[in-house]
Amino acid sequence: MADVEWWRSAVIYQVYPRSFADSDGDGVGDLPGVTGKLAYLADLGVDAVWLSPFYRSPMVDGGYDVADHRDVDPVFGTLSDFDGMLAEAHKVGLKVIVDIVPNHTSDQHPWFQEQRRDQYVFRNGRGERPPNDWQSLFGGPAWTRVADGSWYLHLFDPGQPDLNWRNPQVRDEFDAILRFWLDRGVDGFRVDVAHGMIKAEGLPDLGRNTVLPYFDQEEVHEIYRAWRKLIDSYPGERMTVAEVFDSEPDRVARYVAGDELHQAFNFDFLEAPWDPAVLRGVIDASLEAAGNVGAPTTWVLSNHDRRRHVTRFGGGLTGLRRARAAALLMLGLPGSAYVYQGEELGLPEVLDLPDEVRVDPQWIRSGGREPGRDGCRVPLPWEGDAPPFGFSPARRSWLPMPPEWAAATVAVQRDDPDSMLNLYRKALRLRRPAREFAWRPAPDGVLCFETERFLVAANLGGSPVPLPTAPVLASSPLTDELPPDTTVWIRT
């Protein structure tokens, strides 16, 4: 793919480093492990790799509690390992995107340890009560009290104090962090909690308000306009993608206007049920909102924070069949697509992890009421008949792997022409950037649209429908009809 605005139509593969490949036998994935599997990703046919955090961290929240944004945590390797991985990725034709976590740091960050309170959100309480009624997104109050009686804000775990983005020193620090990684040659950044860095003036009580006073404040756009100028000052096509939660596509689109970020994740698409009317509405709204600001759409089915879509779509054979159909539907749409590690293997959510191995703070802070995200972060099965299936040279992995994954390993699927892995490989070889899009008439329950390359028909209904001509790719076996839970690509 040419470098000119490559991100507009790229397929980007998310690597959760702890769970991708372990090179040193400690049961935890690492950067040399990623390097060793880059040829697999290049052969799969993706354009870029997005790495979840690998920075120095006490790992309270899987690395999203960063203690040093300019270094690699020893569990993942060294800066030299990162540089080697980056060079190898570029050698095999892959771009590299790294996570940037600007809303908060770890409580082990030097700023917090040195009690540099102006860099964080500290307030006096209301007697023995917190400064306001905000709740942590991981459960419980969003405030923790320190020895002198004051409180600090943490929208997530207490080990993740929120930064004060109205302090110019915070902005200068993150400019320097961006430059550090851009100077090393990274191709882009995924911006964690991109909508949350600025809190409403006065930190008002939430009360019965439906608009959260810590999300989507106007000043956040000033930050991204400054970042865009910084990133555009570097040679080559560098990019940013925002994690933004909002119920209105037009508000999400503001983050990807021409002078701000490049992309935003499409959570409406990720969260849509297996329903043709809902999916069509999400697709229309997404294309319109992004088109209004000249940005590309993005499509995503799973990630490190969400239940895997095989399970979300019903689990078992039904979920797997729908996941195959969803893959061709997603990859047929114009814009950029994100693939979460293991979805190309059809992996389901692991729902029966023992309580004692769970580490997600969502699970811990909710007292086990929330299942958390460990089930979608179980390491990948590469080869062999028993766990850890080639993930590690040791006989263990940081989260246990289901024995039945022996049938889903890369080695098994590589030799099966009808496997999920080979469905993704075929689709990614056939896929081309699409700029045209138009819905076509279709029977009830069927989504049918046309781009300049393919007619894409997805039967989300309960009955088979006539198939007008032979497809070049189908998600499930065909006769002369398009069965339920099946998508086809037909050459135009």
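Computed from a predicted model, the values in this text were never measured in an experiment.

Student: Before we go on, may I ask you to explain the sheet that holds strand S1 (residues 11-15) in this structure?
Tutor: If you walk across this open sheet you meet the eight strands as S11-S10-S9-S5-S2-S1-S13-S12, and the pairing is parallel. Of all the strands in the sheet, the pair left with one neighbour each is strand S11 (263-264) and strand S12 (298-300). Relative to strand S13 (residues 336-340), S1 runs parallel, the two being bridged by four bridges. Counterpart to Ile12 in the pairing with S13 is Tyr338. Relative to strand S5 (residues 95-100), helix H3 (residues 79-91) is tilted by about 140°, and along the sheet it contacts strand S2 (48-51) and S5. Its contacts with the sheet place helix H11 (residues 316-332) against S1, S12 and S13, and it is angled at close to 150° to S13.

Student: Can you walk me through the pairing of strand S16 (residues 454-459) in this structure?
Tutor: If a strand is regular, its side chains alternate between the two faces of the sheet. With six of six residues buried, S16 is to be regarded as a mostly interior element. Residues of S16 alternate between two faces, with Phe454, Val456 and Ala458 on one and Leu455, Ala457 and Asn459 on the opposite face, all of them buried. Counting the residues in the hairpin turn of strand S15 (residues 446-450) and S16 gives three residues. Where S16 lies against strand S20 (residues 486-491), six bridges are found, and the strand directions are antiparallel. Counted as the bridge partner of Val456 is Trp489 from S20.

Student: When you look at the packing of aromatic side chains in this model, what are you seeing that I'm missing?
Tutor: Any aromatic ring pair is given by two values, namely how distant the centres are and how the planes are angled relative to each other. This structure, assessed with the given rule, holds 31 aromatic pairs. Measuring from ring centre to ring centre gives 5.7 Å for Tyr55 and Trp181, while their planes differ by 55°; the resulting arrangement is tilted. Pair noted here: Tyr55 is in strand S3 (residues 55-56) and Trp181 is in helix H5 (residues 168-184), with a separation of 126 residues, a long-range link. For Tyr55, a relative accessible area of 1% gives the class buried. Within the aromatic cluster, the residues linked to one another by ring pairs are Trp50, Phe245, Phe265, Phe267 and Tyr338. Arg18 extends its terminal NZ or CZ atom over the ring of Trp398, reaching a point 4.3 Å from the ring centre.

Student: Honestly, the environment of Tyr55 in this entry has me stumped. Any pointers?
Tutor: Counting along the chain gives 19 residues from Tyr55 to Pro74, while the straight-line C-alpha distance between them is 8.8 Å. Side-chain polar atoms of Tyr55 contact the backbone oxygen of Asp99, separated by 2.3 Å.

Student: Would you mind showing me how to read unusual backbone geometry here?
Tutor: Of all residues except glycine, most have a negative phi; of all peptide bonds, most are trans. Going from Pro387 to Pro388, the amide bond is cis rather than trans, its omega being 10°. Within the secondary structure, Pro388 sits in the loop between helix H12 (361-365) and helix H13 (410-414). Not every positive phi belongs to a glycine, and Glu5 is a case in point at roughly 45°. Among the structural elements, Glu5 can be located in the segment before S1. The backbone of Phe389 shows a phi angle near 55°, a positive value even though the residue is not glycine. Positionally, Phe389 belongs in the loop between H12 and H13.

Student: Teacher, can you tell me more about the side chain of His304 here?
Tutor: As for its placement among the helices and strands, His304 is situated in the loop between S12 and helix H10 (309-312). Within the local environment of His304, its side chain forms a polar contact with the side chain of Tyr64, the two groups lying 3.1 Å apart. For His304, the side chain forms a polar contact with the side chain of Asp305, separated by 3.3 Å. For His304, the residues in contact, after removing those within four places along its chain, are Gln14, Tyr16, Trp50, Ser52, Tyr64, Arg190, Tyr340, Arg373, Cys376 and Arg377.

Student: Before we go on, may I ask you to explain the nonpolar core in this structure?
Tutor: Nonpolar side chains tend to gather and get buried jointly when the protein is soluble and globular. Judged by nonpolar contacts, the single largest core of 120 residues is most densely connected at Tyr13, Leu41, Phe54, Phe82, Tyr224 and Trp227. For this core, the element with the highest residue contribution is H11, accounting for eight residues.

Student: Is there a simple way to think about the sheet that holds S20 in this case?
Tutor: Strand-to-strand pairing in sheets goes through backbone hydrogen bonds, with the strands running parallel or antiparallel. Ordered in space as S14-S15-S16-S20-S18, the five strands form an open sheet in which the pairing is antiparallel. A strand with exactly one partner marks an edge of an open sheet, and here the two such strands are strand S14 (438-439) and strand S18 (473-474). Relative to the sheet, H11 contacts S15, S16, S18 and S20, its axis offset from that of S20 by approximately 35°.

Student: Sorry if this is basic, but what is going on with the environment of Leu203 here?
Tutor: Its location among the elements puts Leu203 in the loop between strand S9 (188-191) and helix H6 (220-232). Taking the relative accessible area as the measure of exposure, Leu203 reaches 9% and is therefore buried. Along the primary structure Leu203 and Pro131 are separated by 72 residues, whereas in three dimensions their C-alpha atoms are 8.3 Å apart. When neighbours within four sequence positions are excluded, Leu203 is seen to be in contact with Val121, Arg123, Asn132, Trp134 and Trp143.

Thresholds applied
Residues numbered from 1 in each chain as written. Predicted model: local features only at pLDDT ≥ 70, side-chain atom pairs only at ≥ 80, totals over all residues. Heavy atoms only, no water. Pairing = 2+ DSSP bridges. Helix = DSSP H or I, 4+ residues; strand = E, 2+ residues; numbered from the N terminus. Contact = heavy atoms within 4.5 Å. Axes fitted to C-alpha atoms, helices over the stretch in contact; angles between N-to-C directions. Buried < 20%, exposed > 50% of the residue type's maximum accessible area, 1.4 Å probe, protein only. Phe/Tyr/Trp six-rings, centres within 6.5 Å; stacked < 30°, edge-to-face > 60°. Lys NZ or Arg CZ within 6 Å of the ring centre and 35° of its normal. Polar contact = N/O pair within 3.5 Å; in protein donor to acceptor, adjacent residues only side chain to side chain. Core = buried A, V, L, I, M, F, W, Y, C linked by side-chain atoms within 4.5 Å.

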